[in-house]
Amino acid sequence: MNITYSVTFSTAAARQLTKLDPPARLRVSVAIDLLADNPRPPGATPLVGGRGAWRVRTGDYRIIYEIADRALRVWVIAVDHRRDVFEYSLRRAASEAGAPIHTPASDPRPVAPRR
């Protein structure tokens, strides 16, 4: 017996998906459709501090989503380019926690170089 999850989109994710160019939109749509059969595919990892959110990469894009196992639902939160999607995730996590948002560009504190 194969269990299938329903897939729903946040308003932002639906809007982000429509803004992608057609080949990228097709690739991301296929990956999202596959989440209905297996919401934790190989390569999907839970977000650190994401309160149950997961990420999966397809090409140059990442899909951020949450899984509700009891309701058999996958909720797609964000679809964006790899370089942009984590800024969105940081903002969302900070807003949920009520914390100020500090990104490297907006943080006035000096950043130590990585070794």
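Just so you know, these numbers come straight off a predicted model, no measurement behind them.

> Even after reading the chapter, I still don't get the overall build of the protein chain, so can you show me in this structure?
For the protein chain, the helix and strand inventory stands at three helices and five strands. For the protein chain, the share of sequence-separated contacts (at least 6 apart) that also reach a separation of at least 24 residues comes to 49%.

> Just to check I follow, could you spell out helix α2 (residues 22–37) for this structure?
Here α2 spans 24 Å end to end across 16 residues, near enough to the 22 Å set by a 1.5 Å rise per residue. Every buried residue belonging to α2 is among Ala24, Val28, Ala31, Ile32, Leu35 and Ala36, and all of these are buried. Looking straight down α2, one finds its buried side chains confined to an arc of 160°; they lie on one side. Exposed positions of α2 whose direction lies more than 90 degrees from the buried face are Pro22, Pro23, Leu26, Asp33 and Leu34. Buried residues along α2 sit against β1 (6–9), α1 (11–19), β3 (53–58), β4 (61–68) and β5 (73–81).

> Help me out: how do you make sense of α1 in this one?
One turn of an α-helix holds 3.6 residues; hence residues three or four places apart share an orientation. When we look at burial in α1, the residues that qualify are Ala13, Gln16 and Leu17. Along the axis of α1, the buried residues cluster in a sector spanning 100°; they form a single face. Exposed and facing more than 90 degrees away from the buried side of α1 are Thr11, Thr18 and Lys19. Buried positions along α1 lie against β1, α2 and β5.

> It is not clear to me how a nonpolar patch on the surface should be interpreted in this structure. Could you clarify?
Taken together, Leu26, Val30 and Leu34 make up a surface patch of nonpolar side chains, about 300 Å² in accessible area. Along the polypeptide, leucine 26 turns up in helix α2.

> Sorry if this is basic, but what is going on with the sheet that holds β1 here?
Two modes of strand pairing occur in sheets, parallel and antiparallel, and in both the strands are linked by backbone hydrogen bonds. Strand order in this open sheet of five strands is β1-β5-β4-β3-β2, and the pairing throughout is mixed. Strand pairing shows two members of the sheet lacking a second neighbour, β1 and β2 (45–46), which therefore form its edges. Alignment of β1 against β5, held across four bridges, turns out to be parallel. The residue of β5 that forms the bridge with threonine 8 is tryptophan 75. Packing of α1 onto the sheet brings it into contact with β1 and β5, and relative to β5 it is tilted by some 45°. Strand contacts of α2: β1, β3, β4 and β5, with the helix running at about 20° to β4, the strand carrying the most contacts.

> It is not clear to me how the pattern of salt bridges should be interpreted in this structure. Could you clarify?
The final tally for this structure, using the stated rule, is one salt bridge. The salt bridge partner of aspartate 69 is arginine 40, with a shortest N-O separation of 2.6 Å. Of the two residues, aspartate 69 is situated in the loop between β4 and β5 and arginine 40 in the loop between α2 and β2; the sequence distance between them amounts to 29 residues. By relative accessible area, arginine 40 is classed as partly exposed at 35%.

Rules of the game
- Residues numbered from 1 in each chain as written.
- Predicted model: local features only at pLDDT ≥ 70, side-chain atom pairs only at ≥ 80, totals over all residues.
- Heavy atoms only, no water.
- Helix = DSSP H or I, 4+ residues; strand = E, 2+ residues; numbered from the N terminus.
- Contact = heavy atoms within 4.5 Å.
- Expected span 1.5 Å × (residues − 1).
- Buried < 20%, exposed > 50% of the residue type's maximum accessible area, 1.4 Å probe, protein only.
- Arc of directions from axis to C-beta.
- Patch = residues over 30% accessible without salt bridge, like charges linked within 9 Å, V, L, I, M, F, W, Y side chains within 5 Å.
- Areas by Shrake-Rupley, 256 points an atom, 1.4 Å probe, with all protein chains shown as cover.
- Salt bridge = Lys/Arg side-chain N within 4 Å of Asp/Glu carboxyl O.
- Pairing = 2+ DSSP bridges.
- Axes fitted to C-alpha atoms, helices over the stretch in contact; angles between N-to-C directions.

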